[in-house]
Amino acid sequence: MAMDQECDDFRAYVMARGPALLRAAYQLTGHPADAEDLLQAALAKTYLAWDRIQDRAALDGYVRRAMVNINISWWRRRKLEEYPSEELPEAAVWDFTEYDQGHEFLEEALGRLPDRMRAAIVLRYYEDMTEPEIAQVLGISVGTVKSTVSRGMAKLRGDLDATPPSRTPASAAQP
């Protein structure tokens, strides 16, 4: 009987908090399918520990921490999929007059950041964690968190002036 109640409690928690947790997972991974996989893995770990979690108010933190830890494990297993090239592509001039969807542009820019840099920025600005908390979650020093977030923000700012990959260059749009 108690097991049925625990299952119902867990199901209710997932139904209530699932969308918010999926958004956090998407911010960590940058890909919808990866976000779903990450959230599912974190919820599986949470379900296994459900009877040991005493503070139900801290469940979101528990799941977010599990997502960050799982995501870090996945980074470490991932092979290098991009290789440097000897030639850089030419930069195009982009027409932003029709591009007013800042949120989509930010999502794309976040997706182009390296995994650890994206995680540090998401934890800092989306999850509103302090630098020491981020350092503890990512297993790096506070100084590394500061420099990673600083470099990431510089890259994001640079993306505002650079080429958004899914848009058409103004020079290509003109006959």
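About the cut-offs
- Residues numbered from 1 in each chain as written.
- Predicted model: local features only at pLDDT ≥ 70, side-chain atom pairs only at ≥ 80, totals over all residues.
- Heavy atoms only, no water.
- Helix = DSSP H or I, 4+ residues; strand = E, 2+ residues; numbered from the N terminus.
- Buried < 20%, exposed > 50% of the residue type's maximum accessible area, 1.4 Å probe, protein only.
- Contact = heavy atoms within 4.5 Å.
- Areas by Shrake-Rupley, 256 points an atom, 1.4 Å probe, with all protein chains shown as cover.
- Salt bridge = Lys/Arg side-chain N within 4 Å of Asp/Glu carboxyl O.
- Arc of directions from axis to C-beta.
- Core = buried A, V, L, I, M, F, W, Y, C linked by side-chain atoms within 4.5 Å.
- Phe/Tyr/Trp six-rings, centres within 6.5 Å; stacked < 30°, edge-to-face > 60°.
- Patch = residues over 30% accessible without salt bridge, like charges linked within 9 Å, V, L, I, M, F, W, Y side chains within 5 Å.
- pLDDT = per-residue confidence, 0-100.

## Digging into the overall build of the protein
Stage number 1. Of regular secondary structure, the protein possesses eight helices and zero strands.
Stage number 2. Secondary structure elements of the protein occur, N-terminal to C-terminal, as α-α-α-α-α-α-α-α.
Stage number 3. Taken across its 175 residues, the protein has 33% of its residues classed as buried.
Stage number 4. Long-range contacts, defined here as pairs at least 24 residues apart, represent 69% of the contacts in the protein between residues at least 6 apart.
Stage number 5. Split by element, the accessible area of the protein, about 11,600 Å² in all, is 54% carbon and sulfur.

## Here's the deal with the pattern of salt bridges
Stage number 1. Counting across every chain of the model gives four salt bridges.
Stage number 2. Between Arg11 and Asp8 there is a salt bridge, with its nearest N and O atoms 3.0 Å apart. Here Arg11 pairs with Asp8, and both are found in helix H1 (residues 2-29), just three residues apart, close to one helical turn.
Stage number 3. Linking Arg17 and Asp60 is a salt bridge whose minimum nitrogen-to-oxygen distance equals 2.7 Å. Of this pair, Arg17 sits in helix H1 while Asp60 sits in helix H3 (residues 59-77), and the two are 43 residues apart along the sequence.

## As for helix H6 (residues 131-138)
Stage number 1. Burial in H6 covers these residues: Ile134, Ala135, Val137 and Leu138. Across the axial projection of H6, the buried residues extend over an arc of 165°, all falling on one side. Turned more than 90 degrees away from the buried face of H6, the exposed residues are Pro132 and Gln136.

## Quick notes on the nonpolar core
It is characteristic of soluble globular proteins that their nonpolar side chains tend to be buried jointly.
Stage number 1. Among the nonpolar cores identified, the biggest contains 34 residues, and Val63, Met67 and Leu138 are the most heavily contacted of them.
Stage number 2. Of all the secondary-structure elements, those providing two or more residues to this core are H1, helix H2 (32-49), H3, helix H5 (115-126), H6 and helix H7 (142-161).
Stage number 3. Looking at this core, the element that brings in the most residues is H3, giving eight residues.
Stage number 4. Among all residues touching Leu138, those that are not within four sequence positions of it are Val68, Ile72, Trp75, Arg116, Ala119, Ala120 and Leu123.

## Details of the packing of aromatic side chains
Stage number 1. A full pass over the atoms with the stated rule returns three aromatic pairs.
Stage number 2. For the ring pair Phe10 and Trp50, a centre distance of 5.2 Å and an interplane angle of 80° mean the geometry is edge-to-face. Taken together, the residues span a long stretch of sequence, with Phe10 in helix H1 and Trp50 in the loop between H2 and H3 at a distance of 40 residues. Of the two residues, Phe10 and Trp50, both sit in the buried class.

## Re a nonpolar patch on the surface
Stage number 1. The grouping of Leu106, Tyr125 and Tyr126 at the surface amounts to a nonpolar patch, some 290 Å² of accessible area in total.
Stage number 2. Mapped onto the elements of the fold, Tyr125 is located in helix H5.
Stage number 3. Overall, the relative accessible area of 49% leaves Tyr125 in the partly exposed class.

## Points about the confidence of the model for the protein
Stage number 1. This prediction gives the protein a mean pLDDT of 81; 77% of its residues lie at or above 70.
Stage number 2. Highest mean pLDDT in the protein belongs to H2 (93); lowest belongs to helix H8 (residues 170-173) (44).
Stage number 3. The low-confidence segment residues 165-175, where pLDDT is below 50, has 18 contacts with residues more than four positions distant or belonging to other chains.

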